Amino acid sequence: MIPELGHFALACAVALAFAQGVVGIFGPGLRDPRAMTATPLLACSHFAAIGAAFLALVWAGVVSDFTVENIADFSSAAVPLLYRISGVWGNHDGSILLWCLILSLCGLAVALFGGELPASLRARVLGVMGLISGGFLLFTLTVSDPFVRLWPPPLDGAGMNPILQDPGLAFHPPVLYTGYVGFSVAFAFAIAALIEGKVDAAFGRWVRPWALVSWCFLTSGIALGSWWSYYTLGWGGYWFWDPVENASLLPWLTGTALLHCAIVVEKREALKAWTVLLAIATFSLSLTGTFLVRSGILNSVHSFAAAPDQGLFILALLGLTIGGSLLLFAIRAPVLAAAGIYAPISRESALVLNNVFLCAIAAVVFTGTLYPPFANLLFGIQLSVGAPFFNQTVLPLAAPIIIAMGVGPLLAWKRADFYPVVQRLYLAGGVAGVVFLVMVADRHIVAALGLAGGVWVLMSACTDLAQRVQLFRIPLAHSAARFVALPRAAIGAALGHFGFGITVLGIAGMTLAVQSVVVLQPGQSARLGGYVWTLTDMHDAPGPNYTQRVADITVANSSGVFLHLSPSRRFFAAQGTTTNDAAIHTNGFQDLYSVFADEPAGGGAELRLNVQPMAPEIWLGGLIMALGGFFSLSDRRLRVGAPARRKETVAVTP
Amino acid sequence: MRTPKKRRLYLVLACGLCFSAAVGLSLAAFSTSLTYFLSPRQVVAKAPAVGQSFRLGGVVEAGSVLTTLAGETPTTHFAVTDGRAAVNVTYTGVLPDLFREGQGVVAIGSMGPGGSFVADEVLAKHGAAYMPKDVEQSLKQAGKWDPKFGPPPDASSWNTMTVKAGS
């Protein structure tokens, strides 16, 4: 019964979403005040309907209702409660429902917090979001229905893929999807602004907080996914350049560019058309990331098996959304004349430079990700583009960004002098130089460049704040007072840059990682990275829905044994598969990583041991970046709606 | 740089420079680091130069897996077949959990001097019933299996299975 109610709620949601779309987009044109008041209400009810449908599916998962095909295929009674819930979005149909839920949640947020917006703009924004939501809900309802019943029901479900049974993965999709979908708000604002033909400082002010929220979620989502793959997949790496990973990186790159150029629109009314284009591009890439990859067109570890009609439907939806918005942009962009002018050396130019390079990286990643399927389609060759391609292209393009990141925040708006800024950065440059020389002396060129870059970015972020509070030039108490009075956006920006510097440090440090694969009998030991790793024992241990074989390892340095690691191999009887559970010890600056890979025929244990310098910094940096974003959001200026509170009391009362 | 026009010129120049750098880098990387997918048949017919990286895909031949220990480091020897031809592979490192005889795998590496394929990485990360797309394609071309007709046959039969004439 409950699944049928959920199915019914889903059908209602489709109708409500299209109503929201049509009323929102055409109402303001007809100057109908009823349309303006109706749209937010439609957005609320649309959210309620999807929420009900989603809850129904979650309920079916929680009580293990195997008459629902989706639950029977991807869950089983033995799966712990957390994974019975997260399993709902661990498959194709459920994940699209979650996607729609988050989209309607964004619509709800615009309806609730958009009170400061002009009523017509709010209606149009909600209208655009309603149309997108309607399209994808229709997809869910017609070709990817999560509520399909199964009769007779199986005694037990097929179970969940063991590697997905992990708390990290339980939260990774919702966080990442919030990031993807959040950009729909920026997109809807851009489309609404194009329809209205007006992009001004206020537009930048409205778009930025939304872009910032989704950017924070996207950053955390990517970091979470990367961390998850690091500690569960047991391969010792953190980024595979897999199409799905690239698909999440693409909107992150353009979203970062969007964040930065929305500042320019807000402060200087320049780069308007570019900002609108970036908003469109970012959401288009988010859509591509979620759906193109999952439709099975790209060959990826992440792709869910999808039927051909699903792929066609998705392609049509993508084509309509992306093509339509680009067409609208092409028609309307000439209206958006730039107002502010600026000198080649200025904050604006630095932000333009940032944008240009970020987009160049995005273009390169896009090419590398989409070339293989196109080559297959057009020339019939099977090839793949892997890490070497991306390392060769992305790293050289990232270098100018890293250099500019140090200088940019210190430049003045409109017209700046270069030399005073460089003078202020002598400390950051000096420390980075010393780091570089020390590492080069050890013949680690790549690591030296990376570490120096990371140090440069985080030192210059600190310099930026120190300059603003005039640290050491006025008494400390005064500096502290100035720090408290600083706009939170400034602290958030510095924190974001600082976090990026930390991530760069982590990535650079990981180039020094060492790895060794050994077969040890109990009592034998191996040497790696200055440590002695000894296999002491192997034993069986019970688990909730698996049995495991544990290898006990002690790690010793010159002063003796200081660490016990227990990597295990888990056997999941329901799927007949085995997974490796890596044992990782971190001291904050170095990970000792061990995987119990196999029990070879000759006895003993096959172990993979890694020493990973600076690995934790990769995700710590991501976390700091996201925190910086959230901190910046708490800035007063971003919470206030329009710049001047023109309370035009147009009669909008029903 | 007094006029807006000249300023715009700077902007366009900077963008042009950056994008030509991006294009140049991509082309350079395309020419060196694209990895082609080859089936064992193609490798046997015309082996790529020693040291040139490519992806070899097929099914692990039944009865071909042998692991030896050199010191403490395990090295695995196995053969990858598409039913027409088989290529010997050596790999040092941790094999994925789903690696077993009869499983579709993709190995990334290059031909070694001894005529066998030296893998840097072996991928078999899909479910047990799943066949990597590339491998499926090459099996189809070898006339051994079409996914339309059910799951792939047992790998022990790959090298002896009769192939329809003309395929």
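Nothing here was measured: the structure is a model prediction, and the numbers come from that model.

1. Examining the overall build of chain A
Next up, step 1: Scanning chain A from terminus to terminus reveals 20 helices and 11 strands.
Next up, step 2: The globule rule puts the C-alpha radius of gyration for 654 residues at 26 Å, and the 27 Å found for chain A is close to it.
Next up, step 3: With the C-alpha coordinates of chain A rotated into their principal frame, the extents come out at 85 × 75 × 55 Å.
Next up, step 4: Counting over 654 residues, chain A shows a buried share of 54%.

2. A word on the overall build of chain B
Next up, step 1: Of regular secondary structure, chain B possesses 3 helices and 7 strands.
Next up, step 2: Ordered by position from the N terminus, the helices and strands of chain B form the series α-β-α-β-β-β-β-β-β-α.
Next up, step 3: Looking at chain B as a whole, 33% of its 167 residues qualify as buried.
Next up, step 4: If you take every contact in chain B between residues at least 6 apart in sequence, the share linking residues at least 24 apart comes to 57%.

3. Quick look at the sheet that holds strand β2 (residues 514-520) of chain A
Residues and elements named next belong to chain A.
Next up, step 1: Across the sheet, 4 strands lie side by side as β2-β11-β10-β9; this open sheet has antiparallel pairing. In this open sheet, the two strands that pair with only one neighbour each are β2 and β9 (583-586). This sheet shows a mean twist of 15 degrees between the axes of neighbouring strands, independent of strand direction.
Next up, step 2: Across 8 bridges, strand β10 (residues 590-598) lies against strand β11 (residues 605-613) in antiparallel orientation. When the sheet's bridge partners are listed, Phe596 is paired in β11 with Leu607.

4. Description of the domain arrangement of chain A
One frequently used descriptor of interface size is the decrease in accessible area upon assembly of the parts.
Next up, step 1: Split into domains, chain A comes out as domain 1 (1-165), domain 2 (202-409), domain 3 (425-512 + 620-626) and domain 4 (514-613).
Next up, step 2: If you average the C-alpha positions of domain 2 of chain A and of domain 4 of chain A, the two centres end up 38 Å apart.

5. Some points on the pairing of strand β8 (residues 577-581) of chain A
All names here are of chain A.
Next up, step 1: Here 5 bridges tie strand β7 (residues 568-572) to β8, and the two strands are oriented antiparallel to one another. Directly across from Ser568, in β8, lies its bridge partner Asp581.
Next up, step 2: Where β7 hands over to β8, the hairpin turn is made up of 4 residues, of which Gly576 adopts a positive phi near 65 degrees.

6. As for unusual backbone geometry
Residues and elements named next belong to chain A.
Next up, step 1: That bond from Trp151 to Pro152 is cis: its omega, 0 degrees, falls within 30 degrees of zero.
Next up, step 2: Here Pro152 shows up in the loop between α6 (119-143) and α7 (167-196).
Next up, step 3: Of note, Met614 is a non-glycine position whose phi angle comes to about 65 degrees, a positive value.
Next up, step 4: Mapped onto the secondary structure, Met614 falls in the loop between β11 and α19 (615-633).

7. Regarding the packing of α6(A) against α7(A)
Residues and elements named next belong to chain A.
Next up, step 1: Relative orientation of the contacting elements α6 and α7 amounts to 125 degrees, with a least axis distance of 8 Å. Classed by the angle they form, the pair α6 and α7 counts as oblique. By crossing handedness, the relation of α6 to α7 is classed as right-handed. Touching Leu121, Arg124, Val125, Val128, Met129 and Ile132 of α6 are Ser184, Ala188, Phe189, Ile191, Ala192, Ile195 and Glu196, all from α7.
Next up, step 2: Among the residues making up the contact of α6 with α7, the classes are represented as 10 nonpolar, 1 polar and 2 charged.

8. A closer look at the interface of chain A and chain B
Next up, step 1: The interface of chain A with chain B comprises 38 residues on the first partner and 32 residues on the second.
Next up, step 2: Looking at the side of chain A that touches chain B, the elements that each hand over two or more residues are α12 (347-379), β1 (383-385), α13 (387-407), β2, β8, β10 and β11 of chain A.
Next up, step 3: No other element matches the 8 residues that α12(A) contributes to the side of chain A that touches chain B.
Next up, step 4: For β1(A) and strand β1 (residues 34-38) of chain B, the ladder comprises 3 bridges, and the chain directions are antiparallel. Bridging from a neighbouring strand, Val385(A) pairs with Leu34(B) of β1(B).

9. Thoughts on the confidence of the model for chain A
Next up, step 1: Summing up the model confidence of chain A, the mean pLDDT is 86 and the portion of residues at 70 or higher is 94%.
Next up, step 2: Per-element mean pLDDT across chain A ranges from 60 in helix α20 (residues 636-639) of chain A up to 94 in helix α1 (residues 2-26) of chain A.

10. Describing the packing of helix α5 (residues 92-113) of chain A against α7(A)
Residues and elements named next belong to chain A.
Next up, step 1: Where α5 contacts α7, the two axes come as close as 9 Å, and the packing angle between them is 50 degrees. Compared by their axis directions, α5 and α7 come out oblique. The element α5 and its partner α7 pack so that their crossing is right-handed. Residues Ser95, Leu98, Trp99, Ile102, Leu103, Cys106 and Val110 of α5 form the contact with α7, whose participating residues are Pro173, Pro174, Tyr177, Thr178, Val181, Gly182, Ser184 and Val185.
Next up, step 2: Class assignment for the residues of the contact of α5 with α7 results in 11 nonpolar, 4 polar and no charged.

11. Points about the nonpolar core
Residues and elements named next belong to chain A.
Next up, step 1: Within the largest apolar cluster, 186 residues are counted, with the highest numbers of intra-cluster contacts made by Ala186, Phe189, Cys261 and Ala279.
Next up, step 2: With 18 residues, helix α8 (residues 201-232) is the largest single contributor of residues to this core.
Next up, step 3: Residue contacts for Phe189: discarding those within four places in its chain leaves Val125, Phe203, Trp206, Val207 and Ala279.

12. Thoughts on the confidence of the model for chain B
Residue and element names in this part refer to chain B.
Next up, step 1: Taken residue by residue, chain B gives an average pLDDT of 75. The fraction at 70 or more is 72%.
Next up, step 2: Mean pLDDT in chain B bottoms out at helix α3 (residues 133-141), which sits at 66, and peaks at strand β5 (residues 86-92), which reaches 89.
Next up, step 3: Counting interchain partners and residues more than four positions distant, the pLDDT-below-50 stretch residues 158-167 has 14 contacts.
Next up, step 4: Overall fold confidence for the complex sits at a pTM of 0.88, while the interface term, ipTM, reaches 0.73.

So, how was this worked out
Residues numbered from 1 in each chain as written. Chains lettered and ligands numbered in written order. Predicted model: local features only at pLDDT ≥ 70, side-chain atom pairs only at ≥ 80, totals over all residues. Helix = DSSP H or I, 4+ residues; strand = E, 2+ residues; numbered from the N terminus. Rg over C-alpha atoms; globule rule 2.2 N^0.38 Å. Buried ≥ 20, exposed ≤ 12 C-beta atoms within 10 Å, placed from the backbone. Contact = placed C-beta atoms within 7 Å. Pairing = 2+ DSSP bridges. Axes fitted to C-alpha atoms, helices over the stretch in contact; angles between N-to-C directions. Domains from an automatic or database assignment. Parallel < 35°, antiparallel > 145°, perpendicular 65-115°, else oblique. Left-handed = near helix turned anticlockwise from the far one by under 90°. Nonpolar A, V, L, I, M, F, W, Y, C, P; charged D, E, K, R; others polar. pLDDT = per-residue confidence, 0-100. Core = buried A, V, L, I, M, F, W, Y, C linked by C-beta atoms within 7 Å.

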